[in-house]
Every structure is written in C-alpha cells, then in structure tokens.
Amino acid sequence: AIRTLRRTWTKGGAGELQLGVAGAGDLDALRSLPPPLNRRVEQILAPRKGSRTWISVTPFVPPRFVKARGANTLMGQVNAELASRALPCAEQVDELPWNAERLPLRHFVRRRGRGSAPPPADIGYAIRLRFAKPIVGPLALGYASHFGLGLFESVDS
C-alpha cells in the first residue's frame with residue numbers, strides 16, 4: 001500500500017507531502033545490507049544466535065511511578081514490559097551511571113507534546129539488561145517505545 005501511494009496532503013492545505021519507503025524486507029534482508037548499515041542493524045537485532053546483554057540506546061521511561069519495593073520497581077516495570085511482549089524476564093536490570101558516553105540520553109524528549117497522556121514522571125533511565133538465555137531483537141520497552149524511546153542494542157560479541 002505504501003509503495004502505491006503517490007501523494008497526500010496535510011490538514012490546512014500546507015501542500016503536498018512526499019513519502020519515501022526507508023526499508024522493506026525480513027530480518028535477513030536487513031542483516032544483508034552493505035557496511036556500515038549492517039553493523040548497526042546487527043547491534044539493534046542482535047546476532048542470529050541472540051544476545052544475553054542489552055544496553056539503552058535511548059532512555060527507558062517507566063510507564064508507572066518507580067517504587068522502592070514491589071511490582072513497580074525499575075526491574076518490575078522492565079519485566080512487565082518484557083512479559084507484555086512475550087519475552088523472558090531479565091535476570092538483572094542495572095541502572096547505568098551518567099558518564100560522558102550516556103549523557104546525551106538525558107537530552108531526549110521523554111514525553112509527547114500533544115494529544116497524549118504524559119508519562120507519570122518525566123525521567124529516563126540508561127539501563128543494562130541481562131537475560132538467562134540469548135534473545136533476538138529489536139527490543140524497545142516503556143513509555144513511548146513505539147516512538148523510539150526505550151530502544152536497546154545488544155552488547156554481546
């Protein structure tokens with residue numbers, strides 16, 4: 001359907017919008033892209049055998065207030081997000097320090113501007129997830145994960 005679309009318009013008559021397909025295909029097609037794209041795809045998807053360790057690329061914004069104990073701890077919320085995607089629970093969830101490598105994550109927009117409920121707390125975490133067995137990505141968790149927040153990359157070699 002997207003490939004057959006020729007033109008569209010905006011509400012209010014601002015003119016025609018242009019549309020371009022950025023990619024199509026299955027995971028193997030993405031993995032077969034030429035360098036350097038294939039290396040980035042491999043980090044986001046994990047190697048074919050999967051990865052046990054994943055690290056934040058964009059901030060994880062919890063969908064509920066983080067509590068010190070119970071189901072709404074950081075680990076509890078991460079595992080609830082994983083369970084809702086039929087993925088295994090993480091054995092370990094580590095909050096990472098804000099060092100020079102991760103500091104840019106603090107500057108991401110962590111809430112939607114209009115027409116949507118904001119997250120309960122405007123806070124993002126840089127975290128590392130460790131699993132008992134390797135899993136294959138992509139892995140995106142938390143508030144606004146469908147808009148790019150909460151994206152993880154594999155760090156296993």
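For the structure, check the block above.
Residues numbered from 1 in each chain as written. Predicted model: local features only at pLDDT ≥ 70, side-chain atom pairs only at ≥ 80, totals over all residues. Heavy atoms only, no water.

Colleague: Any chance you could explain the pairing of strand 3 (residues 51–56) here in plain terms?
Modeller: Within a regular beta strand, the side chains point alternately toward one face of the sheet and then the other, so they alternate between its two faces. Burial analysis of strand 3 places five of its six residues in the buried class, the great majority of the element. Pairing analysis gives four bridges linking strand 3 to strand 5 (residues 127–135), with the strands arranged antiparallel. In the strand pairing of strand 5, serine 51 is matched with isoleucine 135. (Buried < 20%, exposed > 50% of the residue type's maximum accessible area, 1.4 Å probe, protein only. Helix = DSSP H or I, 4+ residues; strand = E, 2+ residues; numbered from the N terminus. Pairing = 2+ DSSP bridges.)

Colleague: Looking at this structure, how should I read the nonpolar core?
Modeller: In summary, soluble globular proteins display a tendency toward joint burial of nonpolar side chains. In terms of nonpolar packing, the biggest core is built from 16 residues, with Trp54, Val78, Ile127, Leu129, Phe131, Leu139 and Leu141 touching the most fellow members. Listing elements by their share of this core, those giving two or more residues are helix 3 (74–84) and strand 5. The residues contacting leucine 129, other than those within four sequence positions of it, are Arg52, Thr53, Trp54, Val78, Gln92, Val93, Leu139, Leu141 and Phe152. (Core = buried A, V, L, I, M, F, W, Y, C linked by side-chain atoms within 4.5 Å. Contact = heavy atoms within 4.5 Å.)

Colleague: Is there a simple way to explain the sheet that holds strand 3 in this structure?
Modeller: As summarised here, the arrangement of the five strands in space is 4-5-3-7-6, forming an open sheet in which the pairing is antiparallel. The open sheet terminates on both sides in strands that have one partner only, identified here as strand 4 (92–95) and strand 6 (139–140). Against the sheet, helix 2 (residues 37–45) makes contact with strand 3, strand 6 and strand 7 (151–154), and its axis sits at roughly 105° relative to strand 7, the strand it touches most. Relative to the sheet, helix 3 contacts strand 4, strand 5 and strand 6, its axis offset from that of strand 4 by approximately 125°. (Axes fitted to C-alpha atoms, helices over the stretch in contact; angles between N-to-C directions.)

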